[in-house]
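For reference, the chains in residue letters:
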Amino acid sequence: MKNGLSMENIRNLANENIPYLIDKYNAFLGDYEFSEYIENFTKHLNSNLSVSINFRLGALFHFLQEGNYKNIYEIFSHDYDQLEKSNPLFFYRFSFDSSFDNGTDFKYGALNSGNIGTKFWGDFCIYLKSKEIDSSVLIKYNSLSKEPNGKYRYFSKEKELLLDKLKNDLSNFENAIPLVVLKNKDQDYSKLSVKEYNGLVNDCDSEYMETIIDCKLTLDMVSKIAIENEVFIKMVDSNVATKENKSGNISLVRVLKEITNKNITLEYL
């Protein structure tokens, strides 16, 4: 319950939005002049769409060791005062999560069609297997993103979730392609390369399509881990490769050993 009201099930909301999404998508396809280019884009998406989560070196090490991905509520043991002090966005995150059934179980990732994911959150990008991908909920934007006018996209001035606005931006993974295409309906697909296709889904640094996973996330759900080759080389050439200190920094060597021990593929992009 939140403020005495029943909470929504975000997966149900996503499924309920599909007829609206498909109608908008079909109307767009009917108006678009370069249908063969849209077809090339959608073929790429159909072959490559996945869900990924980015990790920094230390966080990846703990995930590999523990085998269970913890969200902020589990890490901070529901010490919300500490969370709010450490992260000014926490109030918005908690407002969002507490609006839904099992919201404090949510794990957040990003839709991905073949790049390095949301590097803002870390250099190591884990890709999830299809079973976990299929059960995820997609949002057209990052749920904590702002619009060009500087206002939070899905929140009121009073920091309340704008559920009616969010509803039309939800999808299940099965209907990810209509959501991606509609988000990028003003693009001229005739001029885009495959690399630029990936940027429309997830541009690595700022704008991405958020995914929500509301189940336990363990190592056996990981299909591979990816890192940019240039970033990896810089890590090898720096102290982060072998040096650890009292502040708890984890070395690259320890992380690589854990990846090898867990028999997970490390891919260099």
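Here the structure is a predicted model, which means the values were calculated and not measured.

Cut-off values and rules
Residues numbered from 1 in each chain as written. Predicted model: local features only at pLDDT ≥ 70, side-chain atom pairs only at ≥ 80, totals over all residues. Heavy atoms only, no water. Helix = DSSP H or I, 4+ residues; strand = E, 2+ residues; numbered from the N terminus. Buried < 20%, exposed > 50% of the residue type's maximum accessible area, 1.4 Å probe, protein only. Areas by Shrake-Rupley, 256 points an atom, 1.4 Å probe, with all protein chains shown as cover. Pairing = 2+ DSSP bridges. Axes fitted to C-alpha atoms, helices over the stretch in contact; angles between N-to-C directions. Contact = heavy atoms within 4.5 Å. Phe/Tyr/Trp six-rings, centres within 6.5 Å; stacked < 30°, edge-to-face > 60°. Lys NZ or Arg CZ within 6 Å of the ring centre and 35° of its normal. pLDDT = per-residue confidence, 0-100.

Undergrad: So what's going on with the overall build of the protein? Which residues, and what values?
TA: A count of helical and extended segments in the protein gives 13 helices and eight strands. In the protein, which comprises 269 residues, the proportion classed as buried is 47%. Carbon and sulfur atoms make up 48% of the accessible area of the protein, which totals about 14200 Å².

Undergrad: Now, about the sheet that holds strand β7 (residues 222–227): what can you tell me, with residues and values included?
TA: Taking strand neighbours across the sheet as the criterion, the eight strands line up as β5-β4-β6-β2-β1-β3-β7-β8 in an open arrangement whose pairing is mixed. Of all the strands in the sheet, the pair left with one neighbour each is β5 (170–172) and β8 (266–268). Averaged over neighbouring strand pairs, the angle between their axes works out to 35° when direction is ignored. Note: strand β4 (residues 137–139) against strand β6 (residues 210–213), two bridges, orientation antiparallel. Paired with V137 across the bridge in β6 is I212. Packing of helix α7 (residues 90–97) onto the sheet brings it into contact with β2 (107–112), β4 and β6, and relative to β2 it is tilted by some 90°.

Undergrad: Give me the lowdown on the packing of aromatic side chains, citing residues and values where you can.
TA: Under the defined criterion, the tally for this structure stands at 17 aromatic pairs. Look at Y92 and F155: their rings are 5.1 Å apart centre to centre, the planes differ by 80°, and that puts the pair in the edge-to-face class. One end of the pair, Y92, is in helix α7; the other, F155, is in the loop between β4 and α9 (163–167), with 63 residues separating them in the sequence. For Y92, a relative accessible area of 10% gives the class buried. Judged by relative accessible area, F155 falls into the buried class, the value being 5%. For the ring pair Y152 and F155, a centre distance of 6.4 Å and an interplane angle of 90° mean the geometry is edge-to-face. By the burial criterion, Y152 is buried, and F155 matches it. By the ring-pair criterion, three or more aromatic residues cluster together here, those being F96, F100, F106 and Y108. Seen from the ring of Y141, R153 lies directly overhead, with NZ or CZ sitting 3.6 Å from the centre.

Undergrad: Could you give an account of the confidence of the model for the protein, naming the residues involved and the relevant values?
TA: Of all residues in the protein, 88% attain a pLDDT of 70 or more, and the chain-wide mean is 86. Mean pLDDT across the elements of the protein ranges from a minimum in helix α6 (residues 80–86), with 66, to a maximum in β5, with 96.

Undergrad: Could you give an account of unusual backbone geometry, with specific residues and numbers?
TA: One non-glycine residue, N102, lies in positive phi territory at about 60°. Along the chain, the position of N102 falls in the loop between α7 and β2. Even without being a glycine, K159 presents a positive backbone phi close to 70°. In this fold, K159 is placed in the loop between β4 and α9.

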